[in-house]
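In case you want the letters, here they are:
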Amino acid sequence: MTRYDQPYMPGGFQVMPPAIKAIIIANVIVFLFQNTAFGPFLTTVGALWPIGSQNAGEYSFHLWQPFTYLFLHGSFTHIFFNMFALWMFGAEIENYWGTKNFVIYYFVCGVGAAAINLLATIGNAYPTIGASGAIFGILLAFGMMFPERYIYLYFLLPVKTKYFVAGYALIEFLAGLGNRTMGSGSNVAHFAHLGGMLVGFIYIMIRRNDGSVSRMFRKFSFPKKQKGPVLWQGGADDDVSEAEIDRILDKISSRGYDSLTAEEKRKLLKAGKR
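Quantities reported herein were computed from a predicted structural model and do not represent experimental measurements.

### Section: the packing of aromatic side chains
- One pass over the full model with this rule turns up 15 aromatic pairs.
- Aromatic pair Phe84 and Trp87: ring centres 6.1 Å apart, planes at 45 degrees, arrangement tilted. One end of the pair, Phe84, and the other, Trp87, are both in helix α4 (residues 76-97), three residues apart, so they sit about a helical turn from each other.
- Feature note: the residues Phe67, Phe71, Phe102, Tyr106 and Phe107 constitute an aromatic cluster, connected by ring pairs.

### Quick look at the packing of helix α1 (residues 18-34) against helix α5 (residues 99-120)
- Contact geometry of α1 with α5 gives a least axis separation of 9 Å together with a crossing angle of 40 degrees. Between α1 and α5, the angle falls in the class oblique. Between α1, through Pro18, Ala19, Ile20 and Ile23, and α5, the contact on the second element is made entirely by Thr99, Phe102, Val103 and Tyr106.

### With respect to the confidence of the model for the protein
- Across the protein, the average pLDDT comes to 75, with 69% of residues at 70 or higher.
- Taken element by element, the protein is modelled with least confidence in helix α9 (residues 213-216), mean pLDDT 47, and with most confidence in α1, mean pLDDT 95.
- Low confidence marks residues 1-12, where pLDDT is under 50. Its contacts with residues over four positions away, or in another chain, come to 18 contacts.
- With pLDDT under 50 throughout, residues 180-186 is counted as low confidence; its partners more than four residues away or in other chains account for 25 contacts.

### Notes on the UniProt feature "transmembrane region" (unreviewed entry) in the protein
- The feature "transmembrane region" (unreviewed entry), as given by UniProt, occupies residues 20-49, 69-90, 102-120, 126-146, 153-176 and 188-206 in the numbering adopted here.
- Secondary structure content for residues 69-90 is 68% helix and 0% strand, while the C-alpha to C-alpha distance between its ends is 20 Å.
- Along residues 102-120 the backbone is 100% helical and 0% strand, and the end-to-end C-alpha distance reaches 27 Å.

### Details of the pattern of salt bridges
- Applying the stated criterion across every chain yields a total of two salt bridges.
- Put simply, Arg149 and Glu92 hold a salt bridge, and the shortest N to O gap is 3.1 Å. Of this pair, Arg149 sits in the loop between α6 (132-145) and β1 (150-153) while Glu92 sits in helix α4, and the two are 57 residues apart along the sequence. For the pair shown, Arg149 and Glu92 are each scored as buried.
- The residue Glu148 makes a salt bridge to Lys160 at a minimum N-O spacing of 2.7 Å. Of this pair, Glu148 sits in the loop between α6 and β1 while Lys160 sits in strand β2 (residues 157-160); the two residues are 12 residues apart in sequence, bridging distant segments of the chain.

### Looking at helix α2 (residues 39-46)
- By the burial criterion, the buried members of α2 are Gly39, Thr44, Val45 and Gly46.
- Where α2 is buried, its residues touch α1 and α3 (65-68).

Conventions we followed
Residues numbered from 1 in each chain as written. Predicted model: local features only at pLDDT ≥ 70, side-chain atom pairs only at ≥ 80, totals over all residues. Heavy atoms only, no water. Phe/Tyr/Trp six-rings, centres within 6.5 Å; stacked < 30°, edge-to-face > 60°. Helix = DSSP H or I, 4+ residues; strand = E, 2+ residues; numbered from the N terminus. Axes fitted to C-alpha atoms, helices over the stretch in contact; angles between N-to-C directions. Parallel < 35°, antiparallel > 145°, perpendicular 65-115°, else oblique. Contact = heavy atoms within 4.5 Å. pLDDT = per-residue confidence, 0-100. UniProt positions renumbered as here; feature names shortened; annotations may be inferred. Salt bridge = Lys/Arg side-chain N within 4 Å of Asp/Glu carboxyl O. Buried < 20%, exposed > 50% of the residue type's maximum accessible area, 1.4 Å probe, protein only.

What follows is the structure, encoded as structure tokens:
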């Protein structure tokens, strides 16, 4: 195994970035409230109810629900796997993009997934809860940033991230076609998952200001805008240029973090701390 095949291990980056930590804590607190006497009311009011489900009080759709449904979960396994996936795939993304950009992306995917789910469930009688829509958007971004990274299915079968994400999307699409009843419990909101991935893809392409799909799997970076990620903003006394950071990130994407020289790692860490 060459050094370019080594797994990515960020030097100096946070293992539990602030946004992911805050999202996990908020979800756990809400889940604990769901398991109190106040829980049924909280879940009913905060869940994403389909448009046209019922028109009596809390059993109908309200404007806050595309946001609040992201913090509600149906069981311990539901919240555990969602939060584990958020940390597993989201930590590196937040480290690269910065906390502000990560939070915006997370909620854009989550609310976008809710919008698509509402279109797919008009007239349905069951609500949707869970952060899965936003997390599927995170999974898509991870696949775009690290397309050649291997994910080990069942800890045994290695699959490149780009194929894993594409396969997962196909499975969700086919499952959604075969199961039009979407909600919590035994029903899975497949189109909400796909919605998170679709909205995430559109958002990323807009930020990149690039319409080439082929380039999507070769590199990932936000467009060079004045108000772009903090990672690329420097002062007058900063010796790390945007072009240099772009080159280093491209090298990580194609060869892995361990391919960087000591000087390149120092520059990346310095830029990240800004």
